[in-house]
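Letter by letter, the chains look like this.
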Amino acid sequence: MVEVSNLTHIYKGGTKALDSLSFSVKKGEILGLLGPNGAGKSTTVKLITGILRPESGSVKVSGHEVSENLDAIRKLIGFMPQETALYQDLTAQESLEYHADLYGVPESEVQIRVEKMLQLAGLTHRKDDLVRTYSGGMKRRLALVRSILHDSELLILDEMSLGVDVQSRNLIWNQVRSLRDEGRTILFCTNYMDEA
């Protein structure tokens, strides 16, 4: 599903974030990138999603070179960044409906998918509350289900349990395992050895 070959990235100013990184992730696998802050995990994710372009090397998703097929590849990817990046003045329901529209989910399927995602996140009872009233764990769960709303084949999670309590962390991991069981491929970044 993902092939990274000799990937190198240097930021302006000369900081080398990656130096000839290579790895692959098979369809249906979960792969964790473990390392401290500054190790290049988020840079790797940004290169896989096409947010950044590599200095050298290549990234393929589902057999397609990212730099040549970005629009098609982005439809395959669900991405949960480190920053929760939720609109605080929308409800969970509104947030998921908005993202369904952005990802081109057919109108006839939007409400079915939104209800399923709210159940998966354990937020059905809070679906009409503004996101700003949610705890950190609730926001992370909403961000996670938002990333799979469009039936992404590859799920990329950057520090998915950052700043959440143990109970929320366990809920998030249970969700991730169930997504793998559905056949999704998952790549995640973490600072935590036990999580990896």
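Refer to the structure above for everything that follows.
Residues numbered from 1 in each chain as written. Predicted model: local features only at pLDDT ≥ 70, side-chain atom pairs only at ≥ 80, totals over all residues. Heavy atoms only, no water.

## Observations regarding the environment of Ser 161
1) Next: Looking at the element boundaries, Ser 161 is found in the loop between strand E7 (154-158) and helix H6 (166-181).
2) Next: With near-sequence residues (within four places) excluded, Ser 161 lies in contact with Arg 169, Tyr 192 and Glu 195. (Helix = DSSP H or I, 4+ residues; strand = E, 2+ residues; numbered from the N terminus. Contact = heavy atoms within 4.5 Å.)

## A short note on the packing of helix H3 (residues 92-102) against helix H5 (residues 136-148)
1) Next: One way to put it is that H3 packs onto H5 with a least axis distance of 10 Å and a crossing angle of 25°. On the basis of the axis angle, H3 is roughly parallel to H5. Relative to H5, H3 is oriented so that their crossing is right-handed. Side by side, H3 and H5 meet where Ala 92, Leu 96 and His 99 of the first sit next to Leu 142, Val 145 and Arg 146 of the second.
2) Next: Of the residues assigned to the contact of H3 with H5, the class counts are four nonpolar, one polar and one charged. (Axes fitted to C-alpha atoms, helices over the stretch in contact; angles between N-to-C directions. Parallel < 35°, antiparallel > 145°, perpendicular 65-115°, else oblique. Left-handed = near helix turned anticlockwise from the far one by under 90°. Nonpolar A, V, L, I, M, F, W, Y, C, P; charged D, E, K, R; others polar.)

## Some points on H6
1) Next: When the terminal C-alpha atoms of H6 are compared, their 23 Å separation across 16 residues agrees well with the 22 Å that a helix rising 1.5 Å per residue should span.
2) Next: For H6, the set of buried residues is Ser 168, Arg 169, Ile 172, Trp 173, Gln 175, Val 176 and Leu 179. Viewed end-on, H6 has its buried residues packed into an arc of 160°, placing them on one side of the element. Opposite its buried face, H6 presents the exposed residues Val 166, Gln 167 and Asp 181, each directed more than 90 degrees away.
3) Next: On its buried face, H6 sits against strand E3 (30-34), helix H4 (107-121), H5, E7 and strand E8 (185-190).
4) Next: Just downstream of H6 lies Gly 183, where phi reads positive at about 100°. (Expected span 1.5 Å × (residues − 1). Buried < 20%, exposed > 50% of the residue type's maximum accessible area, 1.4 Å probe, protein only. Arc of directions from axis to C-beta.)

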